[in-house]
Amino acid sequence: MSFLQPKSNAAEAIVAALEKSLAVIEFQPDGTVIRANDNFLKALGYRLDEIVGQNHAIFVEPSYRASDEYRRFWERLRAGEFQRGEFKRIGQGGREVWIEASYNPVLDRRGQVVKVVKYASDVTTAKNEYADLLGKVTAISRVQAVVEFNLDGTVITANDNFLKLLGYRLDEIRGRPHATFVDPAEHDGAEYRRFWERLRAGEFQQGQFKRIGQGGKVVWIEASYNPIFDLNGKLIKVVKFATDITRQIGLLTDLKRLIDVNFAEIDGAIDQSKAQAGEAGQAAGRTSANVQTIASSAEELAASVREIAASMAKSQGATDGAVDQVSSAGEATRRLSDAAAAMGGIVGLIQTIAGQINLLALNATIESARAGEAGKGFAVVANEVKNLANQAARATEQISGEIEGVQGIANEVVGALGRIGESIGQVRDHVASTAAAVEQQSAVTRDMSSTMQQASLEVDAISGNIGAIAEAVAQAGTLFAKTKEAAQVLAR
């Protein structure tokens with residue numbers, strides 16, 4: 001019993017296997033569709049009756065269908081030449097499908113092509129992914145400097161951006177070591193050696209790097225060094241993607257200078273502001289205490305002025321009463337002077353009468369002398385009358401002197417009372433003026449006391465505001481310190 005199948009059976013088994021896994025379609029030599037399996041119909045979105053008898057051209061774009069390349073493609077198939085590759089085909093509704101396919105001419109015994117069988121796999125997803133990846137790589141290559149290295153650090157190739165950035169032509173750097181672009185002080189160091197050891201170990205490296213271009217030009221780049229592996233996971237090369245940040249580094253250098261110089265001045269200004277705010281707060285506290293003291297003193301002064309105003313009002317009343325009393329005393333004194341003057345007239349009358357009595361007594365004495373003995377008694381009476389008249393005269397003279405003294409004193413009293421009245425009047429005017437001034441001063445003092453109380457409240461508010469300013473300055477100092485730290489980190 002033989003375990004070997006006939007060749008025809010083996011071929012059929014292989015074809016059956018291919019039918020299950022691949023999209024299969026058969027064409028006549030002119031491109032007319034003979035048949036297609038379900039995999040093909042599913043990939044292109046057709047039913048079998050929609051494509052049998054149709055030409056292969058329905059699966060290609062009109063522009064390609066009319067091209068010489070498409071015509072030669074079928075000419076080679078009809079000549080029995082095998083064709084394979086990735087092809088873009090158009091499915092139902094204009095849907096774009098990419099296939100990995102082989103077009104296989106089938107020959108008869110005479111060597112003539114009787115049909116063409118295509119075996120295909122739908123690679124649309126992979127093709128789209130590849131196109132997406134290729135687009136990203138192309139986009140990166142357009143905007144970034146790209147250079148590829150062997151694992152020993154020698155240059156494989158570089159794009160135009162890299163060559164322009166470093167100032168080289170490709171033939172000047174191909175095969176040269178990466179150390180060509182590194183400062184001599186760096187590429188002989190242990191850190192640079194470890195850098196390439198990590199890359200050869202498959203470790204991704206990125207950062208900011210100082211590089212040396214043609215003629216010693218200093219260039220700063222933001223770069224990533226990417227180890228590339230083959231399908232077996234074997235490291236085969238390193239690709240670097242870089243961006244020129246020379247200008248940014250220059251700005252950061254200026255920023256560092258700004259930090260070192262200007263920030264120090266700002267820091268000093270903030271410290272000075274803190275000190276001044278503290279001094280202002282202390283001064284405000286002292287001012288508040290002083291204003292409180294002044295406000296209290298003003299309140300006490302207002303109270304004293306109110307008492308003085310009340311006393312001056314009473315003094316004015318008493319002065320007015322004194323003026324009235326002096327006026328009354330003057331009036332009484334004037335009446336007394338008038339009475340004394342009147343008494344002086346009476347005294348004069350009495351003196352006149354006494355003189356006449358003396359004259360009568362003298363006449364009586366003369367007549368008694370003439371009468372002799374008969375007139376002796378009359379002479380005695382006349383002598384007595386004369387004595388009485390003389391006594392009356394002396395009494396009236398004394399009374400007259402007393403009256404003149406009283407009248408003189410009364411006149412002096414009247415004069416003194418007049419002067420007292422004038423002085424009291426002047427005092428009353430002064431008291432009235434003083435009372436008015438004290439009343440005005442009392443009003444001013446009350447206003448001053450109220451103002452000082454308000455000022456005290458405002459000084460307290462100022463003191464609080466200064467405290468808030470001091471806190472704000474302190475907070476600004478803290479934020480400035482953080483900003484300074486952040487700027488220093490940025491400037492590294």
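Given the structure is predicted, the values throughout are model-derived calculations rather than measurements. The numbers attached to residues start from 1 for each chain and follow its sequence in the written order. Side-chain atom pairs in this predicted model are given and counted only at pLDDT of 80 or more, local residue features only at pLDDT of at least 70, and totals for whole chains, interfaces and linings cover all residues. Computation of side-chain values covers all heavy atoms of the structure but excludes hydrogens and water.

## Considering the overall build of the chain
Then comes step 1: Counting secondary structure elements, the chain contains twelve helices and ten strands.
Then comes step 2: Each residue is placed in one exposure class: buried if its accessible area under a 1.4 Å probe, protein chains only, is under 20% of its type's maximum, exposed if it is over 50%, and partly exposed if it falls in between. Scored against the burial criterion, the 492 residues of the chain give a buried share of 30%.
Then comes step 3: Working rule for contacts: check all heavy atoms of both residues, and any pair within 4.5 Å makes them a contact. Sequence-distant contacts, at least 24 apart, represent 54% of the contacts inside the chain between residues at least 6 apart.
Then comes step 4: Element-wise, carbon and sulfur atoms account for 56% of the exposed surface of the chain, whose accessible area totals about 30,000 Å². Segments assigned H or I by DSSP are reported as helices when at least four residues long, segments assigned E as strands when at least two residues long, and all are numbered from the N terminus. Method for areas: the Shrake-Rupley scheme with a 1.4 Å probe, in which residue coverage is limited to the protein chains shown.

## Quick look at the nonpolar core
Then comes step 1: Nonpolar cores are built from buried Ala, Val, Leu, Ile, Met, Phe, Trp, Tyr and Cys residues. Side-chain atoms within 4.5 Å join them into one set. Counting 27 residues, the largest nonpolar core has Ile25, Phe27, Phe40, Ile51, Phe59 and Tyr103 as the members making the most contacts within it.
Then comes step 2: If we ignore the near neighbours within four places in the chain, the residues touching Phe27 are Thr32, Val33, Ile34, His56, Phe59, Trp74, Tyr103, Lys115, Val116 and Lys118.
Then comes step 3: Ranked by size, the runner-up nonpolar core spans 24 residues in total, among them Ile173, Trp196, Phe209 and Tyr225.

## Describing the sheet that holds strand S3 (residues 83-90)
Then comes step 1: By this definition, two strands are paired if DSSP reports at least two bridges between them. Here we have five strands laid out as an open sheet, ordered S2-S1-S5-S4-S3, and antiparallel in their pairing. In the strand order of this sheet, the two ends are held by strand S2 (33-36) and S3, each with one partner. Across the sheet, the mean angle separating the axes of adjacent strands is 30° when strand polarity is ignored. Every axis corresponds to a line fitted to the C-alpha atoms, with the helix fit spanning only the stretch in contact, and the corresponding angles, defined between N-to-C directions, vary from 0 to 180 degrees.

## With respect to the sheet that holds strand S6 (residues 145-149)
Then comes step 1: Read across the sheet, five strands follow the order S7-S6-S10-S9-S8 without closing on themselves; strand pairing throughout is antiparallel. With partners counted over all chains shown, the strands left at the sheet margins are strand S7 (155-158) and strand S8 (205-212), one partner each. Averaged over all adjacent pairs, the angle separating strand axes in this sheet is 30°, with direction ignored.

## Section: the pattern of salt bridges
Then comes step 1: Whenever Lys or Arg places a side-chain nitrogen within 4 Å of a carboxyl oxygen from Asp or Glu, that contact is recorded as a salt bridge. In total, this model carries 20 salt bridges according to the counting rule given.
Then comes step 2: In this structure, the salt-bridge partner of Lys115 is Glu26, at a minimum N-O distance of 3.2 Å. One end of the pair, Lys115, is in strand S5 (residues 113-122); the other, Glu26, is in strand S1 (residues 23-27), with 89 residues separating them in the sequence.
Then comes step 3: Residue classification places Lys115 among the partly exposed residues on the basis of a relative accessible area of 25%.
Then comes step 4: Given the relative accessible area of 11%, Glu26 is considered buried.
Then comes step 5: Each member of the salt-bridge network shares a partner with another, and the members are Glu19, Glu26, Arg35 and Lys115.

## Quick word on the environment of Arg65
Then comes step 1: Within the secondary structure layout, Arg65 lies in helix H4 (residues 62-65).
Then comes step 2: Arg65 has contacts with Ala57, Ile58, Val60 and Tyr70, leaving out every residue within four places of it along the chain.
Then comes step 3: In the analysis that follows, any N or O atom pair within 3.5 Å is treated as a polar contact, provided that within protein one partner can donate a hydrogen and the other can accept it, and provided that, for residues neighboring in sequence, both atoms belong to side chains. A distance of 3.1 Å separates the side chain of Arg65 from the backbone oxygen of Ala57, its partner in a polar contact.

## Concerning the packing of aromatic side chains
Then comes step 1: Stacked, edge-to-face and tilted labels apply to pairs of Phe, Tyr and Trp rings (six-membered ring for Trp) whose centres lie within 6.5 Å, assigned for plane angles under 30 degrees, over 60, and everything in between, in that order. For the coordinates displayed, the defined rule picks out 16 aromatic pairs.
Then comes step 2: Ring centres of Phe40 and Phe59 lie 5.5 Å apart, and the angle between their planes is 80°; this geometry places the pair in the edge-to-face category. Separated by 19 residues along the polypeptide, Phe40 in helix H2 (residues 38-44) and Phe59 in the loop between helix H3 (48-51) and H4 bring together distant segments of the chain.
Then comes step 3: Look at Phe40 and you get buried, because its relative accessible area is 3%.
Then comes step 4: Judged by its relative accessible area of 1%, Phe59 falls in the buried class.

## Some words on the pairing of S6
Then comes step 1: Of all five residues that make up S6, five are buried, and the element is covered over most of its length.
Then comes step 2: Here S6 shows a buried face lined by Ala145, Val147 and Phe149 and a second buried face lined by Val146 and Glu148.
Then comes step 3: Relative to strand S10 (residues 235-244), S6 is paired through five bridges, and the arrangement is antiparallel. Looking at the pairing, Glu148 lines up with Val239 of S10.
Then comes step 4: Pairing between S6 and S7: three bridges, direction antiparallel. Note that in S7 the partner of Glu148 across the bridge is Thr157.
Then comes step 5: Here S6 folds back onto S7, and the loop between the two strands holds five residues, one of which, Gly153, carries a positive phi near 95°.

## Things to note about helix H10 (residues 190-200)
Then comes step 1: Looking at H10, one finds that the buried residues are Tyr192, Phe195, Trp196 and Leu199. Buried residues of H10 fall within an arc of 85° about the axis and therefore sit on the same side.
Then comes step 2: For H10, the elements touching its buried residues are S6, helix H9 (184-187), S8, strand S9 (218-229) and S10.
Then comes step 3: Positioned one or two residues after H10, Gly202 has a phi angle of 85°, which is positive. This arc is taken over the directions from the axis of the helix to the C-beta atoms.

## So, the side chain of Ser224
Then comes step 1: Considering the arrangement of structural elements, one finds Ser224 in strand S9.
Then comes step 2: Sequence-distant contacts of Ser224, that is, excluding residues within four places in its chain, are made with Phe204, Gln205, Gln206, Val239, Lys240 and Phe241.

## What about the side chain of Lys240?
Then comes step 1: One can find Lys240 in strand S10.
Then comes step 2: Although Lys240 lies buried, it forms no salt bridge, and the closest oppositely charged side chain, Glu186, sits 10 Å away as judged by the N-O distance.
Then comes step 3: Within the structure, Lys240 has its side chain in polar contact with the side chain of Tyr225 (distance 3.3 Å).
Then comes step 4: The contact partners of Lys240, leaving out residues within four places of it in the chain, are Ala145, Val146, Val147, Phe149, Phe162, His178, Arg211, Ile221, Ala223, Ser224 and Tyr225. As used throughout, the charge tally considers Lys and Arg to be positive and Asp and Glu to be negative, leaving His and the chain termini uncounted.

## A word on the pairing of S5
Then comes step 1: In the sheet, S1 pairs with S5 via five bridges, with the strands oriented antiparallel. Note that in S5 the partner of Phe27 across the bridge is Val116.
Then comes step 2: Sheet topology note: the strand S4 (residues 96-107)/S5 ladder contains nine bridges and is antiparallel. Counted as the bridge partner of Ala101 is Ala120 from S5.
Then comes step 3: The turn linking S4 back onto S5 is made up of five residues, and Gly111 within it adopts a positive phi angle of 85°.

Worth remembering: the numbers are spatial, not functional.
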